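Each chain, written out:
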Amino acid sequence: MVTLSIRLRTSIEIDSAIEQLTNNVIKAAKLATSEIPARNNREITYPMEIRELVKKKQKKATKQMKKLKVYVPPIRKEDGSWASCDQDKDETYARYLDRASSRTISLLNLI
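This write-up is about the structure you can find in this document.

A separate point is the overall build of the protein. In terms of helices and strands, the protein carries 3 helices and 2 strands. When the elements of the protein are put in sequence order from the N terminus, they spell out α-α-β-β-α. The buried share of the protein, taken over its 111 residues, is 4%. Here the protein has roughly 11400 Å² of accessible surface; of this, 59% comes from carbon and sulfur atoms.

Right, here's the structure in full:
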């Protein structure tokens, strides 16, 4: 219950009344608020072998992400079309090296 017979003539009396009012508001709020029970820590725990498997898989995924992915652009074939898959690129490059080496050998034979 709040009493209204408080003198408010000096700054000390006003400060005291404000403090008392603040304390009364806090008490009322605590009385009006129901207590919320603390939650139990219901963290899901997995067996150690499952955790180890997950850890290994994460390391493997990280390793694959860190690998440098080299992009080789398409190369032009002799007929003017583009070799875009790895097998076509390999064959086109092998034919190029074969022609280049045979030209070099024929030039050396002329010398």
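The tally for this structure, following the rule as stated, stands at 1 aromatic pair. Seen from their ring centres, Tyr-93 and Tyr-96 are 6.1 Å apart, and the 25° between their planes marks the pair as stacked. Taken together, the residues span about one helical turn, with Tyr-93 and Tyr-96 both in helix α3 (residues 86-110) at a distance of 3 residues. On the accessibility criterion, Tyr-93 (48% relative accessible area) is partly exposed. For Tyr-96, a relative accessible area of 44% translates into the label partly exposed.

Take the side chain of Lys-89 next. Mapping Lys-89 onto the fold places it in helix α3. No salt bridge is formed by the buried Lys-89; its nearest oppositely charged neighbour, Asp-86, is found at 4.2 Å. At 2.4 Å, the side chain of Lys-89 and the backbone oxygen of Val-72 are in polar contact. Here Lys-89 is in contact with Val-72, Pro-73, Pro-74, Ile-75, Ala-83 and Ser-84, once residues within four sequence places are set aside.

Procedures and definitions
- Residues numbered from 1 in each chain as written.
- Predicted model: local features only at pLDDT ≥ 70, side-chain atom pairs only at ≥ 80, totals over all residues.
- Heavy atoms only, no water.
- Helix = DSSP H or I, 4+ residues; strand = E, 2+ residues; numbered from the N terminus.
- Buried < 20%, exposed > 50% of the residue type's maximum accessible area, 1.4 Å probe, protein only.
- Areas by Shrake-Rupley, 256 points an atom, 1.4 Å probe, with all protein chains shown as cover.
- Phe/Tyr/Trp six-rings, centres within 6.5 Å; stacked < 30°, edge-to-face > 60°.
- Lys, Arg positive; Asp, Glu negative; His and termini not counted.
- Salt bridge = Lys/Arg side-chain N within 4 Å of Asp/Glu carboxyl O.
- Polar contact = N/O pair within 3.5 Å; in protein donor to acceptor, adjacent residues only side chain to side chain.
- Contact = heavy atoms within 4.5 Å.

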